Amino acid sequence: MSQQLLLRYDSFDRTRFDDEAENRANAGLTLLQLWLEDSAAHWALFSVNDIDKAKSWLKQDAALGHGPAAAHFLSTA
């Protein structure tokens, strides 16, 4: 069973998102898809290699004030 993480960003800065790629990789996340919804919200789908590291990364990102508006961990059935 594989794990994914679906994130919604209501405010999206592509440069900062790209700059954070190494931190996400160190947290066991690999970007699979990035979508734009109605020219406002962005959705990002990641594969999750280490759920504990991914949860820690989310908490740290939120504490820094630039985390996603919503986060959903999903499992492939």
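Note that the coordinates shown come from a computational prediction; the quantities given were computed from them, not determined experimentally.

A. Structural context of the sheet that holds strand β4 (residues 70–75). An order of β2-β3-β1-β4 is seen for the 4 strands of this open sheet, with the pairing classed as antiparallel. What marks the edges here is a single partner per strand, and that holds for β2 (29–37) and β4. Strand after strand, the sheet turns through a mean of 20 degrees between neighbouring axes, direction not considered.

B. Focus on helix α3 (residues 51–63). Along its 13 residues, α3 runs 18 Å from first to last C-alpha, staying within 8% of the 18 Å computed at 1.5 Å per residue. What α3 keeps buried is the set Ala54, Trp57, Leu58 and Asp61. An end-on view of α3 places all buried positions within 100 degrees of arc, on one side of the element. Seen from the buried face of α3, the exposed residues on the opposite side, beyond 90 degrees, are Asp52, Lys59, Gln60 and Ala63. Between the side-chain oxygen of the N-cap and the backbone nitrogen of aspartate 52 there are 3.1 Å, and the N-cap of α3 in question is aspartate 50. Downstream of α3 by one or two residues, glycine 65 has phi in the positive range, about 85 degrees.

C. Seen up close, the nonpolar core. Grouped together as the largest cluster of nonpolar side chains are 12 residues: Leu5, Leu7, Tyr9, Phe17, Ala27, Leu29, Ala44, Phe46, Val48, Ala54, Trp57 and Leu58. Of all elements in the fold, only β1 (3–9), β3 (41–48) and α3 reach the threshold of two or more residues within this core. Sequence-distant contacts of tyrosine 9, that is, excluding residues within four places in its chain, are made with Phe17, Ala40, Ala41, His42, Ala44, Trp57, His66, Gly67, Pro68 and Ala69.

D. Fine view of the pairing of β3. Of all 8 residues in β3, 7 are buried; the element is thus mostly enclosed. Across 7 bridges, the pairing between β1 and β3 is antiparallel. Within β3, the residue paired with glutamine 3 across the bridge is valine 48. In this structure, β2 lies alongside β3, joined through 8 bridges in antiparallel fashion. Paired with glutamate 37 across the two strands is alanine 41, which belongs to β3.

E. Layout of the pairing of β1. β1 sits mainly inside the fold: 5 of its 7 residues count as buried. Here β1 runs beside β4; their pairing, made up of 6 bridges, is antiparallel. Bridge assignment links leucine 7 to a residue of β4, and that residue is alanine 71.

Quick notes on the rules
- Residues numbered from 1 in each chain as written.
- Predicted model: local features only at pLDDT ≥ 70, side-chain atom pairs only at ≥ 80, totals over all residues.
- Heavy atoms only, no water.
- Pairing = 2+ DSSP bridges.
- Helix = DSSP H or I, 4+ residues; strand = E, 2+ residues; numbered from the N terminus.
- Axes fitted to C-alpha atoms, helices over the stretch in contact; angles between N-to-C directions.
- Expected span 1.5 Å × (residues − 1).
- Buried < 20%, exposed > 50% of the residue type's maximum accessible area, 1.4 Å probe, protein only.
- Arc of directions from axis to C-beta.
- Polar contact = N/O pair within 3.5 Å; in protein donor to acceptor, adjacent residues only side chain to side chain.
- Core = buried A, V, L, I, M, F, W, Y, C linked by side-chain atoms within 4.5 Å.
- Contact = heavy atoms within 4.5 Å.

These figures come from the coordinates and say nothing about function on their own.
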